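Each chain, written out:
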Amino acid sequence: MRFLLRRLGFYLVAFWVAITLNFFIPRAMPGDAVDAVLAKFPQLQPAARKALEATLGTGNQGSVWSQYLTYLNHVFHLDFGASLSNYPTPVTTIVANGVYWTIGLVGVATVIAFVVGTGLGILAAWRAGGRLDHALPGMMFLQATPYFFLALLLIQVFGITFHVFPVAGAYDGINYTPGWTWPYIANVADHAFLPALTIVVTSVAGWMLQMRNVMVTTTGEDYVVAAQAKGLSDRRVVLTYAARNALLPQLQGFGLAIGFVISGALVMEIVFSYPGIGYLLLNAAASKDTPLMQAIFLLITVAVLVANLLVDIVLVFIDPRVRAMEVAR
Amino acid sequence: MSPVLDIKDLSIAYQTPGGDVRAASHVNLSINKGEVVGLCGESGSGKSTLAYGACRLLRPPAVITSGSVLYSGARTGTTLPVDILRLPPDDLRAIRWRDVAIVFQSAMNALNPVLRVRDQILDGMEAHLRLRKDEAHEKAARLLDLVGIPRERLRSYPHELSGGMRQRVMIAMALAADPEVVIMDEPTTALDVVVQRDILAQIVELKDTLGFSVLFITHDMSLLLELCDRIAVMYAGRIVELGSAADLQNAAAHPYTQGLLRSFPSLHGVRRELTGIPGSPPDLRDPPRGCPFIPRCGFAQPGCAQVDMSLIPVRGGRSPLHVTACPFVTHEGAVNAAPEQETTAPEGALS
Amino acid sequence: MKALARLWRRLPGTAKAGVIMLGVFLLIAIIGPEVTPYNPSVTTPLQAAAPSGAHLFGTTQTGQDVLSQFLIGVRLTLELAFWVGVIATALAVIIGVTAAYVGGIVDELLSLLTNVFLVIPALPLLIVLLGFLNGTSAGQGQLPVIFVLSLLGWPWGARVVRAQALSIRSRDFIAATRETGERSWRIIGFDVVPNMVSLIAASFVNTVLYAVGASVALAFIGLTDPNQWSLGTMLYWAQLGNALQIGAWWWYVPPGLAVALLGTALVLLNTGIDELSNPRLRDARSATKIANRRVWPTDPTPVLGALNGHGGGLAGLARSFSRKSLIDEAAVGAGNAEKAGELR
């Protein structure tokens, strides 16, 4: 278990750094930053105010170290306090509502985009994908387009000009009630279509370009030439020799890029008023609801770390060299 | 009997923005059945380019600009030799490995890291032979036996094997489809001397048993003198001398070959000073007229710039098959007079 | 000058396009704010007007001239991205080279730090940071954004620089200079860094790209100073002013398109740098043209004069699927000379 354990250890360290950052950021801010937060919620009851001050590090709470330990304790008990803008609803409740929407939308769309993009990338590096080469500059343009800008365009075209898809929210709350009913699910899908399309279109380009570049490097390797020397079919050469090996750095790239993809998707949620955690985070930041803000940051970090760990696990399965490291004594 | 592989007038160039690099120019080389032919030259001489180009394995920007590669092994349905360079892709793929196989230089790089040894041997086999699954597996196992690797290694991945083992696997892989010609590109250069000896011995044994021909490419002349029937020496993309191992060892005619022979010590014989060959290989982009060896040749004279590098039998040589590209120099040294001043009718002289 | 001209010629077409696009943006950034037709903050009664002769890019919901905002926006965005690029790349080089050269525990710690900051998602952290800074006295202007972006922008470059520095360090000529007793920092300054110029250049371009994207996203959310006319801020006001709903596409399309084109230009520039510095990449391009026909890596080497690869009768090539095998023959035994003779 050496390889995975080492990776897990690293992710735990990263998580600890994130927690510590959360703790120190309010304390490192210039004085009027904290005042600005407190000023936004003058109506808070004394108990709530005290709790807020505890997270912000103002007031007399004891030494920094004891505050830190208290904070760590809270985090491990998943106690993030109450949201300020939705007082007295606890932060965890609000976050739990948004998490499903985001995982459903962003998770599914990202995986689809990765699979499709990687497939296109393999084609583009091979004779069979000949004409795809002409699409490359277009792909680069798409990759450079901010998610939310594309979202705006899509809404303009498909939502407003052509009224094909709804442009806000996760479902139509007026006419539909949540539940495992077909009309509800169809409505959800309807609302999720444009946001998902935005994510897929922008990130497919990125994955395709990345896979194509990796393929180009891989087909230059000696073992691919050897495969051709063996008189193997083009298909086997490209798939089993080139693509199979190119997949390894491509997956590693996926792990590294997960953070970026999620970030882009979060901002896009605001354009669609999609009630995922991105939407919640941005609103929390705008309204200076610091407990909510910090909790969501931690959640997103955990999600990215977990995704990275999953990628590592997949790597153990498909790369025999990593597998060897994994079982090495 | 026609040679198994006959390379005729082969020229290969790389098209680069700075001009065409002539990696091989008008090379003639033939390999007969059961023969071991050595191809010797320093880095950049074009020996690997020649071998891969003959199988059309070079990547862009390589182009084959002239020549033909005639194959007439035991399996062509016709009695006429077949030109590998003009085969349609499907037939080319059929000839590869089944008739002409290659053992690559660096086994670590030439083996697919994510496939087991068994699968890599099998796919070369299955692409050309229709065998039942159990027969194929048995054959793969026997191939490992032949090269001296335990059968359990079939299930190993390349990174689990030592360097010597990997090279043996490459050899076993090359023999998987029973080829007639095996091209070996520096198969032992990356290995230590002891393993090198082992593997070379193995190659000789296999050749004797199975009867394939070998084209052995290396920069190590001493190796070739021991191993080969005939040796070709390449310089700057051209063959400069060609002859039997005995011819080259005792009566090397071309100044470059002589320089090579003086560059390594021999265990027997008189102690002599080791001299290298001063200078460096020429830029192949715009080769000057005449012989490319002029800047480094101790015998250079004005007539060298008119040499057309065609191979002529060595003057005073023991066999008409011992040919050289230098009309001026033999084993004894330079011929005193330039050829046009000779009164005897020159055979195969310059045009 | 001549060296530059030579570099230019060697660039592939797409990279040239990228350089030209970037040049256009730089031009706008330099002279733009001087030639704005109107003061971008001044409101007019001409609300949400479509592009016309008087207002080439139309007006916002409060009658401000979009073109003027755009011209200033390009400069502000590029300025910010440039500074982030400089600071973050400098940090990356320092940290990367230090880690590679000092080695040992310092290397372990620095690498750990780099990897941690690589894996922690940047944008959410930026949002938290700016969430606190926004609206305060320290949150005015572009400085806070430059600060936080640089703080999180160095890890990527540091990793790449460290890897390259390690490989250079192990190369022979560095060992040679070490033998001659040159001091470490001299080696670093005069031998190592000059060999990494193209890498540092590519890293710089990448960082600028990240800075453009991140700053625009942050501005769009409203976490940067909304009184600064950057491209992102334009999009923020457009969103706030319901540009979509009122159909004022001219308000958000120019800044968004500019960001996309700027990003594309930077990516193309980077591919150009890659191709120039890595000759292997040039040869390994997906397909090259030989004698005006595309040749793919999986194609056999083309033969001039027979590029179709056909001709040469092979009607009778017996595809030998026979079970006769040289090895089987050999296995029967060397003693079976006649059987061996049969093969011929």
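S.K.: Mind laying out the overall build of chain A, listing which residues take part and the relevant values?
M.R.: For chain A, the helix and strand inventory stands at 13 helices and zero strands. Across its three principal directions, the C-alpha atoms of chain A cover 80 × 60 × 40 Å. Within chain A, counting contacts between residues at least 6 apart in sequence, those at least 24 apart form 74% of the total.

S.K.: Hey, could you go over the overall build of chain C for me, with residue numbers and the actual values?
M.R.: Scanning chain C from N- to C-terminus turns up 15 helices and two strands. Residues counted as buried form 44% of the 344 residues belonging to chain C. Counted over contacts in chain C with a minimum sequence separation of 6, partners at least 24 positions apart contribute 70%.

S.K.: Can you explain the interface of chain B and chain A? Please cite residues and give values.
M.R.: Taken together, the 22 residues of chain B in the interface contact 18 residues of chain A. Grouping the constituent residues of the side of chain B that touches chain A by class yields twelve nonpolar, six polar and four charged.

S.K.: How would you summarise the sheet that holds strand β8 (residues 213-218) of chain B if you had to cite specific residues and measurements?
M.R.: Residue and element names in this part refer to chain B. One open sheet holds the eight strands; their spatial order is β6-β7-β8-β3-β9-β10-β12-β11, and the pairing between them is mixed. Looking at the sheet topology across the chains shown, the edges are occupied by β6 (100-103) and β11 (312-313). Two strands pair when backbone bridges link them, and β6 and strand β7 (residues 181-185) are joined in this way by four bridges, in the parallel orientation. Residue pairing for β7: V103 is matched across the bridge by M184. Sheet strands touched by helix α1 (residues 47-54): β3 (36-40), β7, β8 and β9 (230-235). Its angle to β8, the strand with the most contacts, is close to 145°.

S.K.: I'd like to hear about the confidence of the model for chain A, residue by residue, with values.
M.R.: Detailed reading of predicted coordinates is not advised where the pLDDT is low. Looking at chain A as a whole, the pLDDT averages 83, with 96% of positions reaching at least 70. Of all the helices and strands in chain A, helix α2 (residues 31-40) of chain A carries the lowest mean pLDDT, 72, while helix α9 (residues 222-229) of chain A carries the highest, 92.

S.K.: Before we move on, can you summarise helix α5 (residues 133-147) of chain B with the specific residues and values?
M.R.: All names here are of chain B. Over its 15 residues, α5 runs 22 Å from end to end, which matches the ideal 21 Å to within 8%, given 1.5 Å per residue. When α5 is considered as a whole, its buried residues turn out to be K139, A140, L143, L144, L146 and V147. Seen end-on, α5 carries its buried residues on one side only, within an arc spanning 155°. Residues of α5 that are exposed and angled more than 90 degrees away from the buried face: D134 and E138. Taken from the residues just after α5, G148 is the one with a positive phi, measuring 80°.

S.K.: Could you give an account of the environment of B:E241, naming the residues involved and the relevant values?
M.R.: Residue and element names in this part refer to chain B. Looking at the element boundaries, E241 is found in strand β10 (residues 238-244). Here E241 falls in the buried class, since 27 other C-beta atoms lie within 10 Å of it. Residue contacts for E241: discarding those within four places in its chain leaves V233, L248, A252, A253, H254, T257, T324 and A325.

S.K.: Give me helix α8 (residues 182-219) of chain A: which residues, what numbers.
M.R.: Over its 38 residues, α8(A) extends only 48 Å from the first C-alpha to the last, a length that falls short of the 56 Å expected when each residue adds 1.5 Å. Its maximal kink placed at A:F193, α8(A) deviates by approximately 40°, while the proline A:P195 follows within four residues.

S.K.: Pulling in residues and values, what's your account of the packing of helix α4 (residues 104-119) of chain C against helix α7 (residues 155-169) of chain C?
M.R.: Residues and elements named next belong to chain C. Relative to each other, α4 and α7 sit at 140°, their axes nearing to 9 Å. If you check the angle between α4 and α7, you find them oblique. Between α4 and α7 lies a crossing of left-handed hand. Of the residues in α7, those in contact with T114, F117 and L118 of α4 are P155, W156, A158 and R159. Partitioning the contact of α4 with α7 into residue classes produces five nonpolar, one polar and one charged.

S.K.: So what about the packing of helix α3 (residues 66-102) of chain C against helix α10 (residues 197-221) of chain C? Which residues, and what values?
M.R.: All names here are of chain C. Two elements in contact, α3 and α10, have axes whose closest approach is 8 Å; the angle formed by their N-to-C orientations is 130°. Here α10 runs oblique to α3, going by the angle between their axes. Considering how the two elements wind past one another, α3 and α10 form a crossing that is right-handed. Judged by residue contacts, T77, L80, A81, F82, V84, G85, A88, T89, A92 and V93 of α3 engage I200, S203, F204, T207, V208, A211, V212, S215 and V216 from α10.

S.K.: Would you mind going over the sheet that holds strand β1 (residues 5-16) of chain B in detail, with residue names and values included?
M.R.: Residues and elements named next belong to chain B. In spatial order, the strands read β2-β1-β4-β5; together these four strands make up an open sheet with antiparallel pairing. In this open sheet, the two edge strands, each paired with only one partner strand, are β2 (19-31) and β5 (82-83). Pairing geometry for β1 and strand β4 (residues 62-71), over eight bridges, is antiparallel. Bridge pairing in β4 links S11 to S66.

S.K.: Which residues make up the interface of chain A and chain C, and what are the values?
M.R.: On the side of chain C, 47 residues touch chain A, which itself brings 57 residues to the contact. At the level of elements, α1 (2-28), α2, α6 (136-144), α7 (147-161), α8, α10 (234-272), α11 (277-286) and α12 (290-318) of chain A are the ones that each hand at least two residues to the side of chain A that touches chain C. Top element by residues in the side of chain A that touches chain C is α10(A). It accounts for ten residues. Of the residues contributing to the side of chain A that touches chain C, the split by class is 40 nonpolar, eleven polar and six charged.

S.K.: Describe the pairing of β4(B), and please don't skip the residues or the numbers.
M.R.: Residues and elements named next belong to chain B. Among the ten residues in β4, seven count as buried, and that is most of the element. Two strands pair when backbone bridges link them, and β4 and β5 are joined in this way by two bridges, in the antiparallel orientation. Paired with Y71 across the bridge in β5 is V82.

S.K.: So what's going on with the nonpolar core? Which residues, and what values?
M.R.: Of all hydrophobic cores here, the largest spans 296 residues; its most connected members are A:A151, A:L281, A:I296, B:A172, B:L215, B:F216 and C:L126. Discounting chain neighbours no more than four positions away, the residues touching C:L126 are C:V148, C:L152, C:A214 and C:L218.

S.K.: Residue-level account of the environment of B:A177, with values.
M.R.: All names here are of chain B. Of note, A177 is situated in the loop between α6 (163-174) and β7. The class for A177 is buried, based on 24 C-beta atoms found within 10 Å. Separated by 50 residues in sequence, A177 and A127 have C-alpha atoms that sit 8.7 Å apart. Not counting residues within four places of it along the chain, the set of residues in contact with A177 comprises W97, R98, A101, G124, M125, H128 and L129.

Basis of the calculations
- Residues numbered from 1 in each chain as written.
- Chains lettered and ligands numbered in written order.
- Predicted model: local features only at pLDDT ≥ 70, side-chain atom pairs only at ≥ 80, totals over all residues.
- Helix = DSSP H or I, 4+ residues; strand = E, 2+ residues; numbered from the N terminus.
- Contact = placed C-beta atoms within 7 Å.
- Buried ≥ 20, exposed ≤ 12 C-beta atoms within 10 Å, placed from the backbone.
- Nonpolar A, V, L, I, M, F, W, Y, C, P; charged D, E, K, R; others polar.
- Pairing = 2+ DSSP bridges.
- Axes fitted to C-alpha atoms, helices over the stretch in contact; angles between N-to-C directions.
- pLDDT = per-residue confidence, 0-100.
- Expected span 1.5 Å × (residues − 1).
- Arc of directions from axis to C-beta.
- Bend = angle between axes of the 7 residues up to and from the residue.
- Parallel < 35°, antiparallel > 145°, perpendicular 65-115°, else oblique.
- Left-handed = near helix turned anticlockwise from the far one by under 90°.
- Core = buried A, V, L, I, M, F, W, Y, C linked by C-beta atoms within 7 Å.

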